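This is what each chain is made of:
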Amino acid sequence: MVHRRHRLADGRESLFFTDRGGRPVETVVDARPLDPRSGNGEVRFDRLTGEWVAVAAHRQARTYLPPADQCPLCPTRPGRRSEIPAEDFDVVVFENRFPSLGPELGILPEPEPEPEGTGDERALWGRPSPAFGRCEVVVFTPEHNGSFASLPYTRARTVVEAWAQRTGELSALPGIAHVFPFENRGQDIGVTLHHPHGQIYAYPYAAPHAARLAQRSRQHLSEHGRALMGELLRDESEAGDRMVLAGRHFSAYVPYAARWPLEIHLVPHRQVPDLAALRREERDELAAVYLELLQRVDGLYGTPTPYISAWHQTPVNAADREAGWLHLQLTSPRRAADKLKFLAGSEAAMGAFINDTTAEQTAARLREVRV
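Residues numbered from 1 in each chain as written. Predicted model: local features only at pLDDT ≥ 70, side-chain atom pairs only at ≥ 80, totals over all residues. Heavy atoms only, no water.

**Describing the pattern of salt bridges**
Point 1. Throughout the structure, instances matching the rule amount to 33 salt bridges.
Point 2. Notably, a salt bridge pairs R44 with E42, separated by 2.6 Å at the nearest N-O pair.
Point 3. R44 gets classed as partly exposed once you look at its relative accessible area, which sits at 46%.
Point 4. Between E360 and R242 there is a salt bridge, with its nearest N and O atoms 2.6 Å apart. Taken together, the residues span a long stretch of sequence, with E360 in helix α7 (residues 359–368) and R242 in the loop between α3 (228–239) and β10 (243–246) at a distance of 118 residues. (Salt bridge = Lys/Arg side-chain N within 4 Å of Asp/Glu carboxyl O. Buried < 20%, exposed > 50% of the residue type's maximum accessible area, 1.4 Å probe, protein only. Helix = DSSP H or I, 4+ residues; strand = E, 2+ residues; numbered from the N terminus.)

**Considerations on unusual backbone geometry**
Glycine aside, negative phi is the norm for most residues, and most peptide bonds take the trans geometry.
Point 1. Looking along the chain, the bond that leaves G102 and enters P103 is cis, with omega of 15°.
Point 2. The topology assignment puts P103 in the loop between β5 (91–95) and β6 (129–130).

**With respect to the sheet that holds strand β12 (residues 262–268)**
Point 1. Spatially, β1-β2-β5-β7-β9-β8-β13-β14-β12-β11-β10 is the arrangement adopted by the 11 strands of the open sheet, whose pairing is antiparallel. Where the open sheet ends on each side, the last strands, each with one partner, are β1 (3–7) and β10. The sheet shows a mean angle of 20° between the axes of neighbouring strands, direction not considered.
Point 2. In terms of strand pairing, strand β13 (residues 307–312) meets strand β14 (residues 327–332) through 5 bridges, oriented antiparallel. Paired with I308 across the strands is T331, a residue of β14. (Pairing = 2+ DSSP bridges. Axes fitted to C-alpha atoms, helices over the stretch in contact; angles between N-to-C directions.)

**Considerations on the packing of aromatic side chains**
Point 1. For the structure on display, the rule yields 12 aromatic pairs.
Point 2. Ring geometry for Y290 and W311: centres 6.4 Å apart, planes at 55°, overall tilted. Here Y290, found in helix α4 (residues 280–298), pairs with W311, found in strand β13; they are 21 residues apart in sequence, far enough to count as distant.
Point 3. Among the aromatic residues, those joined into a ring-pair cluster are F140, F148, W163, Y290 and W311. (Phe/Tyr/Trp six-rings, centres within 6.5 Å; stacked < 30°, edge-to-face > 60°.)

In short, the description is geometric, and any link to function would need to be established separately.
Structural data, given as structure tokens:
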């Protein structure tokens, strides 16, 4: 599968990925009179939690739910210029015009107090750092309507290839500690553009949830000599009642301690740290099983279900890559046809989830959907 690199009018990088057997987009001219790119936001270290928090006030001006004829992710047409300066394309990845992180790259300072005797009594936690990193948009199709679940297999396979290529390249950038591809689907989740698309964040730190998973995985490997996710996959496969689908290279199940009304994990059978490490045959199957999984989710109700599709890749450092295991976590707050679960007191304040259904019930409903 081939791709071509181009530049947008303000210097942002744009990559056009072509479906297998398709014709690459060789020439792109972005004639928009764009303003220069805005500078970085900042990140601040929270001493209470030990976590970094990004502050991106410049994103307040980003595009919000435009009408279809003004969508910035549709192909460029006469009289309507978009973020994709081409009349047709397969899959496009470009740097976000309103990034939470970046565009500068760098290494965050250690959040420790200044050594004594420097004459500066302020600790580093009190000094905001530039929000180093990179944020990219992944446009799945030139069609404004639809979703990932409605893509043909060939196009879904191209998206998988784009995720893998971007994961490998972003992981190698200076200062990048963790790469996170994801998709938000549905206005109830907070989507600001309806056109089928996802995003990729390349963080200058391991995101908090990824860091916790990495710590658990390292500890388990050290104590038992086995990968934690591998044990979970084996146990779910043997139990069977929470399994949703199983292929040659991937399986999907509702986790035993699911937090959300709808939560599925899609896991490769082979231990790999990220999408870039998947073999060709694994990527081929991933496109098919992921499409089936999304179609099962959409088949639960008469209207599209909002979801967050989050690829949990291991942080870039070697210790985490040895213990970690790539997996997808697909979650939705939809607990009934006309009801959503909101994160209120226990979940939002304490991080203590309370689910309204059992994992076994959810898995059974997903298995019953005809796709």
